[in-house]
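# Observations on the model geometry
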Amino acid sequence: MTATLTPATRLYDPRLRAMTVGSVALVSLLAFEALAVGTAMPTVARALDGLGLYALAFGGSFAAGVLAMVLSGIWCDARGPRGPMWTGVGLFVAGLFVAGSADAMGTLVVGRAVQGFGSGLLSVALYVVVGQAYPEELRRRVFAAFAAAWVVPSLVGPALAGLIVEYLGWRWVFLAVPVVALPAVLLVESGLRTLHRPPPAGPPAGPPAGAAARIGWAAGAGVSAALLHHGGQQRGVLGLILVAVALAGLGVCAPRLLPAGFLRAARGLPTVVGLRGLAAAAFVGAEVVIPLMLSRERGFSPTAAGLVLTVGALSWSVGSWAQSRLPPPRSSATLPRLGLACVAAGTATVTLAVWPAVPVAVGVAGWAVAGLGMGLTFPSLSVLTLALSAPEEQGRNSSSLQLADSLFTATVLALTGTVLAAGTTPGPAGYAGTLAVAVACALLGALLAGRVVPGRERTA
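The structure reproduced in this document is the subject of the present report.

Each value, and the rule that gives it
- Residues numbered from 1 in each chain as written.
- Predicted model: local features only at pLDDT ≥ 70, side-chain atom pairs only at ≥ 80, totals over all residues.
- Heavy atoms only, no water.
- 1 Å grid on protein atoms, 1.4 Å probe; cavity = no way out; pocket = protein on both sides within 12 Å on 5 of 7 lines; lining within 4 Å.
- Points joined across faces, edges and corners; volume = space filled by probe spheres on them.
- Helix = DSSP H or I, 4+ residues; strand = E, 2+ residues; numbered from the N terminus.
- Buried < 20%, exposed > 50% of the residue type's maximum accessible area, 1.4 Å probe, protein only.
- Polar contact = N/O pair within 3.5 Å; in protein donor to acceptor, adjacent residues only side chain to side chain.
- Contact = heavy atoms within 4.5 Å.
- Core = buried A, V, L, I, M, F, W, Y, C linked by side-chain atoms within 4.5 Å.
- Phe/Tyr/Trp six-rings, centres within 6.5 Å; stacked < 30°, edge-to-face > 60°.
- Lys NZ or Arg CZ within 6 Å of the ring centre and 35° of its normal.
- Salt bridge = Lys/Arg side-chain N within 4 Å of Asp/Glu carboxyl O.
- Axes fitted to C-alpha atoms, helices over the stretch in contact; angles between N-to-C directions.
- Parallel < 35°, antiparallel > 145°, perpendicular 65-115°, else oblique.
- Left-handed = near helix turned anticlockwise from the far one by under 90°.
- Nonpolar A, V, L, I, M, F, W, Y, C, P; charged D, E, K, R; others polar.

On inspection of all chains with the given rule, the structure shows 1 cavity of 30 Å³ or more. Considering the residues around the largest cavity, the lining is formed by Ile290, Met293, Leu294, Val308, Val350, Ala353, Val360, Gly363 and Val364. When contributions to the lining of the largest cavity are tallied by element, the ones reaching two or more residues are helix H12 (290-297) and helix H15 (360-387).

See below:
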């Protein structure tokens with residue numbers, strides 16, 4: 001596939017360097033806000049007397065993001081990524097201002113939804129920028145940089161957000177981020193101008209066929225995902241009913257947003273997208289259980305349990321860096337298979353730490369292996385998505401990749417939350433059962449990894 005810039009171009013080219021710095025800065029901002037808001041929200045809910053809308057502050061943002069990902073994919077394919085990029089940044093900043101200045105929880109929920117919509121537009125546009133602006137041999141390095149952009153927010157985001165809430169007030173968790181967003185997107189702008197698609201000859205073609213239906217299915221999937229998020233936090237029969245209705249909605253809507261052949265793991269792009277969802281669900285599904293398990297079963301403080309998660313974030317970055325420096329493997333299935341096998345083995349090892357006879361260090365080492373596996377898996381799947389996409393389909397396929405990530409994760413988290421919320425405090429068997437779901441997702445992905453290879457390529 002031919003990139004906009006010649007393959008001889010390297011990352012030290014001034015235009016590419018500015019685009020890389022700006023893009024990584026935008027990813028870091030998205031990461032910081034995603035992690036910091038979770039820290040600040042309990043204080044926000046108390047200050048605005050809005051505990052009843054607490055779940056909606058997260059679910060509404062998530063639903064808006066799902067819809068925006070689909071819109072961004074359509075927009076990028078029709079006109080290039082410049083419009084979605086600027087609109088995404090604008091809505092992201094506007095949503096932060098609305099949330100940061102809110103005097104009622106309802107206003108904050110609206111601000112969070114606007115912010116989530118902007119994040120969805122922006123995240124897909126960034127992938128299309130990589131596909132159109134960078135030569136194919138540099139894309140693994142750029143996606144490794146995106147993964148590294150999550151490391152510092154993962155390390156300092158929650159702690160920094162706590163300090164901001166304590167000493168400056170919760171509003172500054174929202175209001176401080178826009179100061180960096182505009183300079184970041186300006187760094188990307190010089191390259192974005194060259195990626196803007198020229199107007200077509202003749203009368204405008206209008207939106208692509210099926211765009212309206214796709215947007216409708218996206219709205220249905222977003223509402224179902226928000227309902228799933230809310231239902232997973234409820235106890236008793238009501239929670240089970242909400243989860244069941246939400247899963248039915250996702251079962252109807254999601255397959256229509258993902259590549260044809262997704263449900264049967266057809267070779268090529270459908271399996272690539274499926275593996276992304278399985279990997280995300282496996283890692284995040286385990287990540288939310290580990291702190292609870294360590295604190296209740298092994299007596300860890302919140303800080304100590306958080307440090308264990310930090311090990312996974314660091315090893316994820318190491319894995320991303322390693323895959324960007326390795327020679328291209330003989331088969332495109334090699335890195336996803338190896339990475340998902342590491343996630344499965346590492347998470348299974350973490351499960352052993354449920355029992356007091358097993359040293360906690362064993363579980364920490366397992367989580368490091370799981371993080372390393374994610375570092376090998378995520379960038380390789382992103383690169384494969386662009387490689388298997390025609391230029392006019394990069395937006396749609398990038399949005400499918402990120403939709404799978406979001407929807408699979410939401411499903412596993414809701415099911416995990418339902419299990420953990422049911423009845424009394426879960427014991428070792430309960431934690432082991434929820435972690436087993438994560439292991440199963442990763443193992444399934446490893447087994448299917450050979451199907452990322454198109455029919456014309458042999459698996460190594």
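Tracing the backbone through its elements, the reader meets Ser61 in helix H2 (residues 54-79). Its relative accessible area of 11% is what places Ser61 among the buried residues. Here the side chain of Ser61 touches Arg112 through a polar contact of 3.4 Å, landing on its backbone oxygen. In this structure, Ser61 is in contact with Leu56, Arg112, Ala113 and Gly116, ignoring residues within four places of it in sequence.

Attention now moves to the nonpolar core. Formed by 122 residues in total, the largest nonpolar core has its most connected members in Leu26, Val44, Met85 and Leu108. Element by element, the count of residues in this core is highest for helix H1 (residues 14-47), at 13 residues. Apart from residues no more than four positions distant in its own chain, Leu26 is found in contact with Met85, Val89, Leu122, Leu126, Ala181, Ala184, Val185 and Val188.

Turning our attention to the packing of aromatic side chains. Counting across every chain of the model gives 7 aromatic pairs. With a centroid separation of 6.1 Å and 90 degrees between ring planes, the pair formed by Trp170 and Phe174 is classed as edge-to-face. The exposure classification of Trp170 matches that of Phe174, with both residues buried. A ring pair is formed by Phe283 and Trp367, whose centres lie 4.5 Å apart and whose planes are at 15 degrees; its orientation type is stacked. Residue Phe283 is found in helix H11 (residues 269-287), and its partner Trp367 is found in helix H15; the two are separated by 84 residues along the sequence. Each member of the pair, Phe283 as well as Trp367, carries the same accessibility label: buried. These aromatic residues form a ring-pair network of at least three members: Phe283, Trp316, Trp367 and Phe378. If you follow Arg256 out to its NZ or CZ, it ends over the ring of Trp217, 4.6 Å from the centre. For Arg276, the ring lying beneath its charged end belongs to Phe378, and the centroid distance is 4.1 Å.

For the structure on display, the rule yields 1 salt bridge. With its nearest N and O atoms 3.2 Å apart, the salt bridge here joins Arg276 to Asp405. Of the two residues, Arg276 sits in helix H11 while Asp405 sits in helix H16 (residues 394-421), which places them 129 residues apart along the sequence. Take Arg276 and Asp405: they sit in the same class, and that class is buried.

For the rest of this paragraph, the subject is unusual backbone geometry. Of note in the backbone geometry, Ala265 takes a positive phi value of approximately 50 degrees without being a glycine. As for its placement among the helices and strands, Ala265 is situated in the loop between helix H10 (236-253) and H11.

Here we take up the packing of H11 against H15. Where H11 meets H15, the closest approach of the two axes is 10 Å, and the angle between their N-to-C directions is 155 degrees. With respect to their mutual orientation, H11 and H15 come out roughly antiparallel. Taken as a pair, H11 and H15 cross one another with a handedness that is left-handed. Where H11 abuts H15, its residues Leu269, Val272, Leu275, Arg276, Ala279, Ala280, Phe283, Ala286 and Glu287 lie against Trp367, Ala370, Gly371, Met374, Thr377, Phe378, Leu381, Ser382, Leu384 and Thr385. Of the residues that constitute the contact of H11 with H15, the class distribution is 13 nonpolar, 4 polar and 2 charged.

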